[in-house]
Amino acid sequence: MQKTDSINIETTINSGQVFLWNKIGEQWVGIDGQDIMILRQKPYSLKSSGNIDNFLRRDDNLEKILKNISTDRTVRDAIKQSSGLRLIRQDPFQCYISFICSSNSSIQNIKSMLENLCRKFGVKKEFGKYQLHTFPRVETLANATMNELLDCRLGFRAKYVKEASLAVNSNKIDFKELRKLDYQTAIRSLKNILGIGNKVADCIALFSLDKLEAFPIDRWTQRILLKYYKDIFCDVSEKPLTEKKYEKLHDDIVKYFGPYAGYSQQFLFKMERDLNKKSWL
DNA sequence: CCTTGACCTGCCCCC
DNA sequence: CAGATCAGGTCAAGG
């Protein structure tokens, strides 16, 4: 297990993986499912009503992973620029709903939608000196009405969230099972849900189901591939990826970046968004 | 198999 | 300051 102080909290929170976090003074306060977490860099302190080691993937052999993904200069530079950046292992239901809401939306907007859901459907919980709303439980969201969801400013995603919650509530989607399945099977299962396409499925798989070969390709990732890797992934352009092209590209990506491709994606994504001065939480 | 247009919202910009 | 523009994935209809 790596040294505890090698985690950069701000970099990790501000890397597009999580949304329900706020910086209050020197502390980052966030929601993961029914848990509240309080993280502070200086002096270093990690508190959670749940399992913080699980959340921060402290079981990963980071030294080995970073060595494994350091296949080229671009990734090596990205790792150097964002040292201390970690993948997070999120509550699967929250992750699933979060990225369904992410479609055609910006980070700030996703955050606002999720905060609205928590305020309306979550339960108040106290931790440390803070009191905040946890993420809605599956059955609560499954029983929500369309109007309530629309009140949370979900727009056309409201029916996606409703159906997706019903699928989990009826065990049509079982995260414990998906976690055990291989990448391809898990992705195929997720994509049966309305509102989940390739990119969203990859995010859920990577950030909550331990599929480290998942490599979500959004507009930014696509630009990265075009900018730094056009000789390696020849058929990538700025045009939106079709279903087949996405799948083919993902195969090539795993061949090139390896079984921890998801980690390389996270470093590359963080680097390029920072380079373009895109805002985070 | 691919292309196209619709879908909500919030933010930024410009008149 | 109201109104237009744009960014961002997925889906359904049609070529």
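Residues numbered from 1 in each chain as written. Chains lettered and ligands numbered in written order. Predicted model: local features only at pLDDT ≥ 70, side-chain atom pairs only at ≥ 80, totals over all residues. Heavy atoms only, no water.

As named in an unreviewed UniProt entry, chain A is DNA-(apurinic or apyrimidinic site) lyase, taken from Nitrosotalea sinensis. Of the comments in the UniProt record for chain A, the one headed Sequence similarities (unreviewed entry) reads "Belongs to the type-1 OGG1 family." Database annotation for chain A, UniProt heading Catalytic activity (unreviewed entry): "2'-deoxyribonucleotide-(2'-deoxyribose 5'-phosphate)-2'-deoxyribonucleotide-DNA = a 3'-end 2'-deoxyribonucleotide-(2,3-dehydro-2,3-deoxyribose 5'-phosphate)-DNA + a 5'-end 5'-phospho-2'-deoxyribonucleoside-DNA + H(+)". (UniProt positions renumbered as here; feature names shortened; annotations may be inferred.)

Peer 1: Could you give an account of the protein's contact with DNA strand C, with specific residues and numbers?
Peer 2: Taken together, 18 residues sit near DNA strand C, with Asn104, Gly195, Val200, Asp218 and Arg219 positioned nearest. Among the atoms of DNA strand C close to the protein, meaning within 4 Å, 55% are from sugar or phosphate groups. One of the backbone N or O atoms of Gly195 is found 2.8 Å from a phosphate oxygen in DNA strand C. Here Arg223 contributes a side-chain N or O atom positioned 3.0 Å from a phosphate oxygen of DNA strand C. Listed by contribution, the elements that provide at least two residues to the surface near DNA strand C are helix 12 (198-208) and helix 13 (219-228). For the surface near DNA strand C, the residue count by class is 7 nonpolar, 6 polar and 5 charged. (Near = heavy atom within 4 Å. Polar contact = N/O pair within 3.5 Å; in protein donor to acceptor, adjacent residues only side chain to side chain. Helix = DSSP H or I, 4+ residues; strand = E, 2+ residues; numbered from the N terminus. Nonpolar A, V, L, I, M, F, W, Y, C, P; charged D, E, K, R; others polar.)

Peer 1: Describe in detail the protein's contact with DNA strand B, supporting the description with residues and values.
Peer 2: As a structural note, the neighbourhood of DNA strand B is formed by Asn104, Asn109, Arg153, Gly155, Phe156, Arg157, Lys239, Thr242 and Lys244. A breakdown of the atoms of DNA strand B within 4 Å of the protein gives sugar and phosphate a share of 80%. Measuring from a phosphate oxygen of DNA strand B, one finds a side-chain N or O atom of Arg153 at 3.3 Å. Thr242 places a side-chain nitrogen or oxygen 3.3 Å from a phosphate oxygen of DNA strand B. Broken down by class, the residue content of the surface near DNA strand B amounts to 1 nonpolar, 4 polar and 4 charged.

Peer 1: Explain empty space enclosed by the protein to me, using residue names and the numbers behind them.
Peer 2: Enumeration according to the criterion identifies 1 cavity of 30 Å³ or more in this entry. By volume, the largest cavity is sized at about 40 Å³. Lining the largest cavity, in full, are Asp235, Val236, Leu241, Lys245 and Leu249. For the lining of the largest cavity, the class distribution of residues is 3 nonpolar, no polar and 2 charged. (1 Å grid on protein atoms, 1.4 Å probe; cavity = no way out; pocket = protein on both sides within 12 Å on 5 of 7 lines; lining within 4 Å. Points joined across faces, edges and corners; volume = space filled by probe spheres on them.)

Peer 1: Explain the pairing of strand 1 (residues 21-24) to me, and be specific about the residues and the numbers.
Peer 2: With 4 bridges connecting them, strand 1 and strand 2 (residues 27-32) associate as antiparallel partners. What sits directly across from Lys23, in strand 2, is Trp28. In sequence, strand 1 turns back onto strand 2 through a hairpin of 2 residues, with Gly25 there showing a positive phi of about 65°. (Pairing = 2+ DSSP bridges.)

Peer 1: Give me the sheet that holds strand 2: which residues, what numbers.
Peer 2: Across the sheet, 4 strands lie side by side as 1-2-3-4; this open sheet has antiparallel pairing. In this open sheet, the two strands that pair with only one neighbour each are strand 1 and strand 4 (45-48). The average angle at which neighbouring strand axes cross in this sheet is 15°, direction not considered. Of the strand pairs in this sheet, strand 2 and strand 3 (residues 35-40) are connected by 6 bridges, and their pairing is antiparallel. Within strand 3, the residue paired with Val29 across the bridge is Ile38. (Axes fitted to C-alpha atoms, helices over the stretch in contact; angles between N-to-C directions.)

Peer 1: I'd like to hear about the nonpolar core, residue by residue, with values.
Peer 2: Counting residues in each nonpolar core, the largest one holds 82 residues, and the members touching the most others are Tyr96 and Ile97. Looking at this core, you find at least three residues from each of domain 1 (9-59 + 90-209) and domain 2 (60-79 + 214-275). Residue contacts for Tyr96: discarding those within four places in its chain leaves Ala164, Ala167, Val168, Ile173, Phe175, Leu190, Ile193, Ile196 and Ile204. In this structure, Ile7, Ile52, Phe55 and Ile88 belong to the second largest nonpolar core, which totals 12 residues. (Core = buried A, V, L, I, M, F, W, Y, C linked by side-chain atoms within 4.5 Å. Buried < 20%, exposed > 50% of the residue type's maximum accessible area, 1.4 Å probe, protein only. Domains from an automatic or database assignment. Contact = heavy atoms within 4.5 Å.)

Peer 1: Account for the domain arrangement of chain A, naming residues and giving values.
Peer 2: By domain assignment, chain A separates into domain 1 (9-59 + 90-209) and domain 2 (60-79 + 214-275). Distance between the C-alpha centres of domain 1 and domain 2: 24 Å. Facing 19 residues of domain 1, the contacting portion of domain 2 comprises 19 residues. Here domain 1 meets domain 2 over a buried area of about 1,400 Å², counting both sides, of which 54% is carbon and sulfur. The tally of links from domain 1 across to domain 2 stands at 3 salt bridges. Here Glu247 ties to Lys191 by a salt bridge, and the two come within 3.1 Å at their closest N and O atoms. Where domain 1 packs against domain 2, one counts 7 residue pairs in polar contact (both at pLDDT 80 or more). When residues of the side of domain 1 that touches domain 2 are assigned to their parent elements, the largest contribution, 7 residues, is made by helix 12. Taken together, the residues that form the side of domain 1 that touches domain 2 break down as 6 nonpolar, 7 polar and 6 charged. (Buried area = accessible area lost by both parts, 1.4 Å probe. Salt bridge = Lys/Arg side-chain N within 4 Å of Asp/Glu carboxyl O.)

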